[in-house]
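What the coordinates show
Take a look at the letters that make up each chain.
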Amino acid sequence: MSLRRTLLTTRRILEQLRHDPRTLALLLVVPTALVGLLAWSLTNQPGAFDSIGPKLLGVFPLIVMFLVTSVITLRERTVGTLERLFTLPLTKGDFVAGYAIAFGALALVQSLLVSVLSYTWYGLAHQGVPWRISIVALCAGLLGTAFGLALSAVAHTEFQAVQFMPAFILPQLLLCGLVIPVSQLPSVLRVIAEVLPMTAAVHAITPQQSSPYYVGQFAIMIAYILTALVVGAGTLRRVTK
Amino acid sequence: MDNSDQPTLDVSKLRVVRNRNEILKSVTFRALPGELIGLLGPSGSGKSTLMRSLLGVQAITGGSVRIMESDAGSPSLRGRLGYMAQTSAVYLDLTVEENIRYFAGVLVQAPSEVARVMDVVALTPFSRRLVSSLSGGERARVSLGVALLGSPPVLILDEPTVGLDPILRRDLWRTFNDLAGAGATVIVSSHVMGEAARCARLLLLREGTLLFDGTPASLLDASGAPGYDEAFERLIEGDR
């Protein structure tokens, strides 16, 4: 791997996004507006936003980065840029790491924006540590990026790539504790939910837990990120049959 | 040391089978530095598969493909082959300059190379335009510009003139001639037989079989046909 080529790839991806203000707006403004809408809708239920709001900060980056990465990577495969890159001295690691850094940075900006507005304008009174929320959001963004890279190999069209969201993301959304607390799920679903990456993201935001608990949740997320990045890199083929 | 008689491309009994279809059937040819070779044949004849085999991105079933004394696809060849695919294979949501600068960076080329290449493909006035806003011909030139980065000794250009107007096509062929004149081995594929006259040497491919390998003049002589379309038809009939 080459740090220079990785960072060149990161810069190229960020330049692409700079020329695409709609996607940038979707990445940054939509999650902020949705959390604001949630805060507003829960105005008459004291404490409700303080409970649900932070969890969304761990969910949004995963969903948004999954969608964006799977579509953009699929485009690289279908328009021929990936094949061209693989005739050049660019490794799979450079390519995957370039994406991870670019979208990780975006996830961080997204989470900072949502966090700052939540703690100020939206009136969030969360007992957790704000910096931990940012790190969880960064991990969630990297999770979305890594899964998007890996699953884009299975899709043949951008329409199919988008269809992976209900298949891959929605079950996690239902089980992560956002709708029903994980402890109240049927025993089989509880076991499954406890090892899902989105559940780990939500748990890592839950306040007043022990340090080993948080370390365990971050370990789950990092294991998923690394595994999905390796799988994602493995799906990139220099030679096709 | 003069390497002009050392083949840059050495393809021997190349076979490619994909989804149980034999796409290339024992194709053999060599190419020298400075040759401008037209790879001609109808759509589906195996031209793109042959070109992808030269690049090393197509798995081969049999035979061998050697490029500058290395097996096709070897890490040592990455960046030494200029490639232009049928699709433009550049980023539509980047400007012309950003595209060329990115690929130049991957190839570790100096910034001056970006300006040189944009000048060669006459895209300097469009440098700040998004590729998505360019015409098909202009996009093809961006793709060619990327292929020319670093002046690679071998250029593999897959149907680079398809859909272009006659003036632009003429200008591109002049560029290909100049590159071959400078010592590069240039392979240009086309399904338009009329482009045969622009090449120094022709490879005619049909259904994965190399029907002819020689100069345009020898093709006309051998077939006794008045034009290249007729010559190709006679070759096919003779092959049946």
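Cut-offs and rules
- Residues numbered from 1 in each chain as written.
- Chains lettered and ligands numbered in written order.
- Predicted model: local features only at pLDDT ≥ 70, side-chain atom pairs only at ≥ 80, totals over all residues.
- Helix = DSSP H or I, 4+ residues; strand = E, 2+ residues; numbered from the N terminus.
- Rg over C-alpha atoms; globule rule 2.2 N^0.38 Å.
- Buried ≥ 20, exposed ≤ 12 C-beta atoms within 10 Å, placed from the backbone.
- Pairing = 2+ DSSP bridges.
- Axes fitted to C-alpha atoms, helices over the stretch in contact; angles between N-to-C directions.
- Parallel < 35°, antiparallel > 145°, perpendicular 65-115°, else oblique.
- Left-handed = near helix turned anticlockwise from the far one by under 90°.
- Contact = placed C-beta atoms within 7 Å.
- Nonpolar A, V, L, I, M, F, W, Y, C, P; charged D, E, K, R; others polar.
- Core = buried A, V, L, I, M, F, W, Y, C linked by C-beta atoms within 7 Å.
- Expected span 1.5 Å × (residues − 1).
- pLDDT = per-residue confidence, 0-100.

1. Looking at the overall build of chain A
Of the regular secondary structure elements, chain A holds ten helices and zero strands. Starting at the N terminus, the α and β elements of chain A follow one another as α-α-α-α-α-α-α-α-α-α. Against the 2.2 N^0.38 benchmark of 18 Å for 241 residues, chain A shows a C-alpha radius of gyration of 18 Å, consistent with a compact globule. Across its three principal axes, chain A shows a C-alpha extent of roughly 60 × 40 × 35 Å. Sorting the 241 residues of chain A into buried and exposed places 41% on the buried side.

2. Notes on the sheet that holds strand E4 (residues 62–67) of chain B
All names here are of chain B. Pairing within the open sheet is antiparallel, and its four strands lie in the order E2-E1-E4-E5. Two strands close off the open sheet at either side, each with one partner strand: strand E2 (21–31) and strand E5 (70–71). As paired elements, strand E1 (residues 9–18) and E2 share seven bridges and run antiparallel to each other. Of the residues in E2, the one forming a bridge with Leu9 is Ala31.

3. What to know about the packing of helix H3 (residues 48–79) of chain A against helix H6 (residues 130–151) of chain A
All names here are of chain A. Two elements in contact, H3 and H6, have axes separated by 7 Å at closest approach and are oriented at 30°. By the angle between their directions, the pair H3 and H6 is classed as roughly parallel. For H3 against H6, the interelement crossing comes out right-handed. Every residue of H6 that contacts H3 at Pro54, Leu57, Gly58, Pro61, Leu62, Ile63, Val64, Met65, Phe66, Thr69, Ser70 and Thr73 is listed here: Ile133, Val136, Ala137, Ala140, Gly141, Leu143, Gly144, Thr145, Phe147, Gly148, Leu149 and Leu151. Classifying every residue of the contact of H3 with H6 gives 16 nonpolar, eight polar and no charged.

4. A look at the interface of chain B and chain A
With 24 residues of chain B at the contact, the number on the chain A side is 21 residues. Among the elements of the structure, strand E6 (81–84) and helix H2 (96–106) of chain B are those that each provide at least two residues to the side of chain B that touches chain A. With four residues, H2 of chain B is the largest single contributor of residues to the side of chain B that touches chain A. A class-by-class count of the residues in the side of chain B that touches chain A yields 14 nonpolar, six polar and four charged.

5. Quick look at the nonpolar core
Leu143, Ala146 and Ala201 of chain A together with Ile156 and Val186 of chain B are the most contacted members of the largest nonpolar core, which totals 133 residues. Looking at this core element by element, the count peaks at 13 residues for H6 of chain A.

6. Considering unusual backbone geometry
All names here are of chain B. Phi is positive for Ser26, close to 50°, though the residue is something other than glycine. With respect to the helices and strands, the residue Ser26 is situated in strand E2. Positioned with a positive phi, Glu69 is a non-glycine residue whose angle comes to about 65°. Looking at Glu69, the number of C-beta atoms within 10 Å reads 12, which means it is exposed.

7. Regarding helix H1 (residues 3–18) of chain A
One turn of the α-helix equals 3.6 residues, which is why residues spaced by three or four share an orientation. Counted at 1.5 Å a residue, the expected span for H1 of chain A with its 16 residues is 22 Å, and the 22 Å between its end C-alpha atoms agrees. Turning to H1 of chain A, its buried residues are Arg5, Thr6, Leu8, Thr9, Thr10, Arg12 and Ile13 of chain A. Looking at the buried side of H1 of chain A, the elements it contacts are helix H5 (92–119) of chain A together with H2 of chain B.

8. Observations concerning the sheet that holds strand E8 (residues 185–190) of chain B
What links the strands of a sheet is backbone hydrogen bonding, and the strands pair in either a parallel or an antiparallel sense. Residues and elements named next belong to chain B. Pairing in this open sheet of six strands is mixed, and the strands run E6-E7-E8-E3-E9-E10 from one edge to the other. Looking along the sheet, the strands with just one partner apiece sit at the ends: E6 and strand E10 (209–214). Looking at each pair of strands side by side, their axes are set apart by 15° on average, direction ignored. Of the pairings in the sheet, the one linking strand E7 (residues 154–157) to E8 comprises four bridges and is parallel in character. Bridged to Leu157 within E8 is Val188. Sitting on the sheet, helix H4 (residues 136–148) touches E6 and E7, and the angle it makes with E6 is about 170°.

9. Quick notes on the confidence of the model for chain B
Residues and elements named next belong to chain B. Residues of chain B with pLDDT of at least 70 account for 98%, and the chain-wide mean is 91. Of all the helices and strands in chain B, helix H7 (residues 228–239) carries the lowest mean pLDDT, 80, while H2 carries the highest, 97. The ipTM for the predicted assembly is 0.88, set against a pTM of 0.89.

10. Description of the packing of helix H2 (residues 21–41) of chain A against H5 of chain A
Residues and elements named next belong to chain A. Interhelical geometry of H2 versus H5 gives an angle of 30° and a closest axis separation of 9 Å. Considering their axes alone, H2 and H5 lie roughly parallel with respect to each other. The handedness of the crossing between H2 and H5 is right-handed. Here Leu27, Leu28, Pro31, Thr32, Val35 and Gly36 of H2 lie close against H5, whose contacting residues are Leu106, Val109, Gln110, Leu113, Val114, Leu117 and Ser118. Classifying every residue of the contact of H2 with H5 by side-chain character gives nine nonpolar, four polar and no charged.

11. Focus on the environment of Ile225 of chain A
Tracing the backbone through its elements, the reader meets Ile225 of chain A in helix H10 (residues 211–234). Placed 84 residues apart in sequence, Ile225 of chain A and Gly141 of chain A show a C-alpha to C-alpha distance of 9.7 Å.

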